[in-house]
Amino acid sequence: MLYPYIRNIVSILIIVGLIFVSFPSQNVASAAKFQSVEYESRLDDFLRTQMETYKIPGLAVAIVRNGEVEYLNGYGVANPDGDPVTPDTPFLLASVSKSFTALAIMQLIEDGKINLNDPVQKYLPWFDVKGEGESEITVAHLIYQTSGFSEYDGSQMNMRPNNPEELETAIRDLDETSLLFQPGEGWEYSNINYSLLGFLI
């Protein structure tokens, strides 16, 4: 199931936020030396407490200031075999990646390269879905999860191999996929929306 991963990812984001909150701006000068024994000890205690509280088996932490990495460490275990987490341990970002995708889309909009109200076919002329209303799916419908694609179909898309060529194939195969509702007339969380946005980017 994806939900435990999402819970852990959210917990990690909260932890990272709390790390910065715990060092107010007036203490920036004294907190800047992340490699100090006192700081590392405080940070270590804080992270281990959060891991215990939120049942997080492992996490990696990177603190970057002004483009420079000032702290990098891994905590806990990476898998059931007990391998330790290191700064190089890969983590499943899952739906956190949707935030980055939406940000990239908004940057393209700010640059005038796409428009929220444009139909998907403007950028992918071959795009099609089964049934009526497919021409009405816009970039905005994808971002807001109001396109009509189902959560189930989005989960099925995630089961396909993870490579750029397969993404295009999966999107072309949507011509056999039916919408749950006409675009803009409902809301349904579906990974298809953000897969389409990623391909569009």
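Computed from a predicted structure; not experimentally measured. Starting afresh in each chain, residues are numbered from 1 along the sequence in its written order. It should be noted that, the model being predicted, local features are given only for residues of pLDDT at least 70 and side-chain atom pairs only at 80 or more, the latter also being counted only at that level, while totals for whole chains, interfaces and linings use all residues. Excluding hydrogens and water, the side-chain figures rest on all heavy atoms present in the structure.

(A) Summary view of helix H8 (residues 191-200). Summary of the burial criterion: residues with accessible area below 20% of their type's maximum are buried, those above 50% are exposed, and those between are partly exposed, where the area comes from a 1.4 Å probe applied to protein chains only. Per the convention used, a helix needs a DSSP run of H or I reaching at least four residues, while a strand needs a run of E reaching at least two, with both numbered from the N terminus. In terms of burial, H8 is a largely internal element, eight of the 10 residues being buried. When we look at burial in H8, the residues that qualify are Asn191, Ile192, Asn193, Tyr194, Ser195, Leu196, Leu197 and Leu200. Here a residue-residue contact requires only that any non-hydrogen atoms of the pair lie within 4.5 Å. Packing partners of the buried residues in H8 comprise helix H4 (97-110), helix H5 (139-143), helix H6 (151-158) and helix H7 (164-172).

(B) Structural view of the packing of H7 against H8. To obtain an axis, a line is fitted to C-alpha atoms, over the contacting stretch when the element is a helix, and the angle between two such axes runs from 0 to 180 degrees between their N-to-C directions. Where H7 meets H8, the closest approach of the two axes is 10 Å, and the angle between their N-to-C directions is 125°. By the angle between their axes, H7 is oblique relative to H8. In terms of crossing hand, the pair formed by H7 and H8 is left-handed. Packed against H7, whose contacting residues are Leu167, Glu168 and Ile171, the element H8 presents Ser195, Leu196 and Phe199 at the interface. Any residue outside Ala, Val, Leu, Ile, Met, Phe, Trp, Tyr, Cys, Pro, Asp, Glu, Lys and Arg is labelled polar, Gly included; the first ten of those are nonpolar and the last four are charged. Each residue belonging to the contact of H7 with H8 can be placed in one class, and the counts come to four nonpolar, one polar and one charged. Roughly parallel means an angle under 35 degrees; roughly antiparallel, over 145; roughly perpendicular, 65 to 115; everything else is oblique. Crossing handedness is defined as follows: a turn of the near helix away from the far one that is anticlockwise and smaller than a right angle gives a left-handed crossing, while the clockwise case is right-handed.

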